[in-house]
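# Examination of the molecular architecture
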Amino acid sequence: MTSSTSRAPKVPRGDLFDPQCPTRRLLDRIGTKWTSMAVKVLAEASPEEVRFAELQRRMAGISQKMLSVTLQSLTRDGLVDRRVEATVPPRVHYRLTPLGLTLEEPLAALREWAEAHMPEVDRANRRSQEDTAD
């Protein structure tokens, strides 16, 4: 016999194909290259903090605005903590939250898959370009 208190409540699953689904909106945010890079840099530094300027240096090609938008999104979602030192100019530090640390493993797996399969994807792209050029 199972008591009602020992059963875990059913959590409704999202519908990835529904544009209004919160799961889909979250995947849109965490599925970007900049999010993956930021999480990797912050995970490597964990539990230490990383300053904004250092994040920008380590994430080649990201603009200051895009890094700011990415970090704001990660902070809003509870994946990153932000700390501001009251100096002139202010020093802003970031670190992954415990929830953010749980995101590193699946993103690392995705990065590893991309690195392992990039030659195949490149070949497929070249073939596709050759086929459309004919």
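Here we summarise the structure given alongside this text. Quick caveat, the model's predicted, so the values are computed rather than measured.

In this model, S46 is joined to P47 through a cis peptide bond whose omega is 10°. A cis geometry characterises the amide bond from V88 onward to P89, with omega recorded as -10°. As for its placement among the helices and strands, P89 is situated in the loop between β2 (80-85) and β3 (91-96).

All right, on to the nonpolar core then. Soluble globular proteins tend to pack their nonpolar side chains together in the buried interior. If you look at the biggest cluster of nonpolar residues, it comprises 23 residues, and the most contacted ones within it are L42, L55, M59, L67 and Y94. Of all elements in the fold, only α2 (33-45), α3 (52-58), α4 (64-76), β3 and α5 (98-133) reach the threshold of two or more residues within this core. In terms of residues, this core owes the most to one element, α2, which gives 7 residues. Contact partners of Y94, with chain neighbours within four places excluded, come to L42, E48, E49, V50, F52, L55, L71, T75, V80, D81 and R82.

Bringing the pattern of salt bridges into the picture now. This structure, assessed with the given rule, holds 7 salt bridges. The salt bridge involving E44 is made with R58; its shortest N-O contact spans 2.6 Å. Highlighted residues: E44 in helix α2 and R58 in helix α3, separated in sequence by 14 residues. The class of R58 is partly exposed, set by a relative accessible area of 42%. R111 is the partner of E104 in a salt bridge, and the nearest nitrogen-oxygen pair spans 2.7 Å. For R111, a relative accessible area of 17% corresponds to the buried category. The structure contains a network of salt bridges with shared partners spanning K40, E44 and R58.

Axis angle and axis distance: for two packed helices, these are the angle between their axes and the distance between the axes, and together they describe the pair. At a minimum axis separation of 10 Å, α2 and α4 run at an interaxial angle of 75°. One element, α2, and the other, α4, form an angle in the roughly perpendicular class. Residues W34, T35 and A38 of α2 lie in contact with α4, whose contacting residues are M66, T70 and L74. Residue classes in the contact of α2 with α4 are distributed as 4 nonpolar, 2 polar and no charged.

On to α2, then. Three or four residues apart is the spacing at which side chains of an α-helix point the same way, because the helix has 3.6 residues per turn. Taking 1.5 Å per residue as the helical rise, α2 with its 13 residues ought to reach 18 Å, and the 19 Å between its terminal C-alpha atoms agrees with that figure. Of all the residues in α2, the buried ones are W34, T35, S36, A38, V39, V41, L42, A43 and A45.

Now for the pairing of β3. The pairing of strand β1 (residues 50-51) with β3 spans 2 bridges and is antiparallel. For V50, the partnering residue across the bridge sits in β3 and is Y94. Bridge count for β2 against β3 is 6 bridges, and the pairing is antiparallel. When the sheet's bridge partners are listed, V80 is paired in β3 with L96. Hairpin connection from β2 to β3: 5 residues lie between these consecutive antiparallel strands.

Here is what the cut-offs are and how they apply
Residues numbered from 1 in each chain as written. Predicted model: local features only at pLDDT ≥ 70, side-chain atom pairs only at ≥ 80, totals over all residues. Heavy atoms only, no water. Helix = DSSP H or I, 4+ residues; strand = E, 2+ residues; numbered from the N terminus. Core = buried A, V, L, I, M, F, W, Y, C linked by side-chain atoms within 4.5 Å. Buried < 20%, exposed > 50% of the residue type's maximum accessible area, 1.4 Å probe, protein only. Contact = heavy atoms within 4.5 Å. Salt bridge = Lys/Arg side-chain N within 4 Å of Asp/Glu carboxyl O. Axes fitted to C-alpha atoms, helices over the stretch in contact; angles between N-to-C directions. Parallel < 35°, antiparallel > 145°, perpendicular 65-115°, else oblique. Nonpolar A, V, L, I, M, F, W, Y, C, P; charged D, E, K, R; others polar. Expected span 1.5 Å × (residues − 1). Pairing = 2+ DSSP bridges.

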